[in-house]
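Examining the three-dimensional arrangement
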Amino acid sequence: EQESLMRQKYLKEDGTWEEEYYIQKRNVFERRKVKFGIPYQELSIRYDKAIHNSVVSEFRKSDIIVAHELGTSVILKVLLPVCDESGKNKLVERLRGKYEIAEY
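The text that follows walks through the structure, step by step, so that each part is easy to find.

Each value, and the rule that gives it
Residues numbered from 1 in each chain as written. Predicted model: local features only at pLDDT ≥ 70, side-chain atom pairs only at ≥ 80, totals over all residues. Heavy atoms only, no water. Patch = residues over 30% accessible without salt bridge, like charges linked within 9 Å, V, L, I, M, F, W, Y side chains within 5 Å. Areas by Shrake-Rupley, 256 points an atom, 1.4 Å probe, with all protein chains shown as cover. Salt bridge = Lys/Arg side-chain N within 4 Å of Asp/Glu carboxyl O. Helix = DSSP H or I, 4+ residues; strand = E, 2+ residues; numbered from the N terminus. Buried < 20%, exposed > 50% of the residue type's maximum accessible area, 1.4 Å probe, protein only. Contact = heavy atoms within 4.5 Å. Pairing = 2+ DSSP bridges.

**Observations regarding a nonpolar patch on the surface**
A contiguous nonpolar patch, built from Phe36, Ile38 and Val82 and spanning about 310 Å² of accessible area, is present on the exposed surface. With respect to the helices and strands, the residue Ile38 is situated in the loop between α2 (19-36) and β1 (40-48).

**Observations regarding the environment of Val82**
As for its placement among the helices and strands, Val82 is situated in the loop between β3 (73-81) and α4 (85-98). Taking the relative accessible area as the measure of exposure, Val82 reaches 62% and is therefore exposed. It is 21 Å that separates the C-alpha atoms of Val82 and Glu18, two residues lying 64 residues apart in sequence. Excluding anything up to four places from it in sequence, Val82 contacts Ile38, Pro39, Tyr40 and Arg60.

**Details of the pattern of salt bridges**
Scanning the model with the defined rule gives eight salt bridges in all. Note that Arg26 and Glu42 form a salt bridge whose closest N and O atoms lie 3.4 Å from each other. Linking Arg26 in helix α2 with Glu42 in strand β1, this pair joins segments that are 16 residues apart in sequence. In this structure, a network of salt bridges that share partners links the residues Glu58, Arg94 and Lys98.

**Some remarks on the pairing of β1**
Where β1 and β3 come together, nine bridges link them in antiparallel fashion. The residue bridging Leu43 from the neighbouring strand is Val78, located in β3. Direction of pairing for β1 relative to strand β4 (residues 102-103): antiparallel, over a ladder of two bridges. The residue bridging Arg46 from the neighbouring strand is Ala102, located in β4.

Quick look at the structure:
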């Protein structure tokens, strides 16, 4: 029920979240990492605004995504729960293979 309320309050039409929600979830993930050793990763990428919806669709439902427009580009910040450095690197390589992105 609480998750449903959070979705109504913070989820945007394009599948991204408000920055406030991202910060809240990052704090939760950090506490889980310290207490239980559950890994998470953060990723920042930059790409052309024209491919925004396609890029967002590449992420899991459990990933927390925040988008910031910067002219004709988008900077996407992503929290990747239950993900280690290797998983993050594989994701970045897959995205690079499909789109023109740069880690930011």
